[in-house]
Amino acid sequence: MKKGTPNSTFSFSKIYCSLFGHNYNLTKNVTHYIKEYTCSHCKEQATTNSRGRLEVMTPKLKEINNALASVHAKKIAKNKAKTQFQAAS
């Protein structure tokens, strides 16, 4: 009888990242200071935390980032509309 996890897969990219570290590329700007990254080798996702350090992306962090992105987009749109209105006056 085999013992092991059914989802375990052998991947050279995971071994490469465990030996040499991840090569994160910017995926999404959530706000000016919070960004999402994806490893180009193993496709692991990470985000910046409140202290500016990278954290592995969890479903809870993904939900928080989506909420922050929508609030930030509304704020930017409001400020843009406000400046356009003032410039037209």
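Above this text you will find the structure in question.
In short, a report on the structure. (Residues numbered from 1 in each chain as written. Predicted model: local features only at pLDDT ≥ 70, side-chain atom pairs only at ≥ 80, totals over all residues. Heavy atoms only, no water.)

Counting secondary structure elements, the protein contains two helices and four strands. For the protein, the succession of helices and strands along the chain, N to C, is α-β-β-β-β-α. For the protein, the proportion of its 89 residues judged to be buried stands at 19%. Intrachain contacts of the protein at a sequence separation of at least 6 include 25% that bridge at least 24 residues. For the protein, the accessible surface area stands at approximately 7,500 Å², while carbon and sulfur atoms represent 58% of it. (Helix = DSSP H or I, 4+ residues; strand = E, 2+ residues; numbered from the N terminus. Buried < 20%, exposed > 50% of the residue type's maximum accessible area, 1.4 Å probe, protein only. Contact = heavy atoms within 4.5 Å. Areas by Shrake-Rupley, 256 points an atom, 1.4 Å probe, with all protein chains shown as cover.)

For the rest of this paragraph, the subject is the pairing of strand β3 (residues 45–48). Note: strand β2 (residues 35–39) against β3, three bridges, orientation antiparallel. Considered in β3, the bridge of E36 is made with T47. As consecutive antiparallel partners, β2 and β3 are separated by five residues, and within that stretch K43 has a phi angle of approximately 65°, a positive value. Pairing analysis gives three bridges linking β3 to strand β4 (residues 54–56), with the strands arranged antiparallel. Across the sheet, residue T47 finds its bridge partner in β4, namely E55. (Pairing = 2+ DSSP bridges.)

Time to look at unusual backbone geometry. Backbone geometry places K43, a non-glycine residue, at a positive phi of 65°. Locating K43 in the fold gives a position in the loop between β2 and β3.

A contiguous nonpolar surface patch, about 750 Å² in accessible area, is contributed by F10, F12, I15, Y16, L19 and F20. Relative to the assigned elements, I15 resides in helix α1 (residues 12–20). (Patch = residues over 30% accessible without salt bridge, like charges linked within 9 Å, V, L, I, M, F, W, Y side chains within 5 Å. Salt bridge = Lys/Arg side-chain N within 4 Å of Asp/Glu carboxyl O.)

This part is about the packing of aromatic side chains. Following the criterion strictly, the structure yields one aromatic pair and no others. A ring pair is formed by Y16 and F20, whose centres lie 5.0 Å apart and whose planes are at 50°; its orientation type is tilted. In this pair, Y16 and F20 both sit in helix α1, four residues apart, roughly one turn of the helix. On the accessibility criterion, Y16 (37% relative accessible area) is partly exposed. On the basis of relative accessibility, which here comes to 62%, the residue F20 falls in the exposed class. (Phe/Tyr/Trp six-rings, centres within 6.5 Å; stacked < 30°, edge-to-face > 60°.)

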